[in-house]
Amino acid sequence: MRNVERVTSVKSELLDIFMSMEVNEHTQRKRACAQRNLRARRGIELHREFQKLSQEIADLPEHDDEPIEHELH
């Protein structure tokens, strides 16, 4: 009977170890997914910022050597 108890105890310990490994792997996958999402979101934000800046620059008047009429004196 003692051997059966020992085997049961070892099985229980192995199951606990396996479950903790699964939890750690799940946590790592979840963290990696969150980091990928943040990088993607930041990439989209940067893309939009560059588009907006490009449009604003394109809307600026061309630089001429002549002074602008409404310039303050």
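Each chain carries its own residue numbering, running from 1 in the direction its sequence is written. Reporting in this predicted model follows two pLDDT cut-offs: at least 70 for local features of residues, and 80 or more for side-chain atom pairs to be given and counted; totals over whole chains, interfaces and linings ignore these cut-offs and use all residues. To get the side-chain values, all heavy atoms of the structure are used, and hydrogens and water are removed first.

## Regarding the overall build of the protein chain
Every helix listed is a DSSP run of H or I at least four residues long, and every strand listed is a run of E at least two residues long, numbered separately from the N terminus. When helices and strands are counted, the protein chain shows one helix and zero strands. Only protein chains enter the area calculation, which uses a 1.4 Å probe; residues under 20% of their type maximum are buried, those over 50% are exposed, and those in between are partly exposed. Split into buried and exposed, the 73 residues of the protein chain put 0% on the buried side. Only the protein chains shown count as cover for residues, with accessible areas throughout obtained via the Shrake-Rupley method and a probe of 1.4 Å. A total accessible area of about 7800 Å² is found for the protein chain, and carbon and sulfur atoms account for 57% of it.

## Thoughts on the pattern of salt bridges
Salt bridge criterion: a side-chain nitrogen from Lys or Arg within 4 Å of a carboxyl oxygen from Asp or Glu. In total, this model carries two salt bridges according to the counting rule given. Note that Glu45 is salt-bridged to Arg42, the shortest N-O span being 3.2 Å. Highlighted residues: Glu45 and Arg42, both in helix H1 (residues 2–59), separated by three residues, approximately one helical turn. Salt-bridge contacts for Glu49 lead to Arg42; the nearest nitrogen and oxygen are separated by 3.4 Å. Through salt bridges with shared partners, one network takes in Arg42, Glu45 and Glu49.

## Describing a nonpolar patch on the surface
Among the surface-exposed residues, Leu46, Phe50, Leu53, Ile57 and Leu60 lie close enough to one another that they form a single nonpolar patch of about 510 Å² accessible area. Within the secondary structure, Leu60 sits in the segment after H1. Excluding any residue in a salt bridge, patches collect residues exceeding 30% relative accessible area, merging like charges within 9 Å and nonpolar Val, Leu, Ile, Met, Phe, Trp and Tyr side chains within 5 Å.

Spatial relationships are all this shows, so hold off on functional conclusions.
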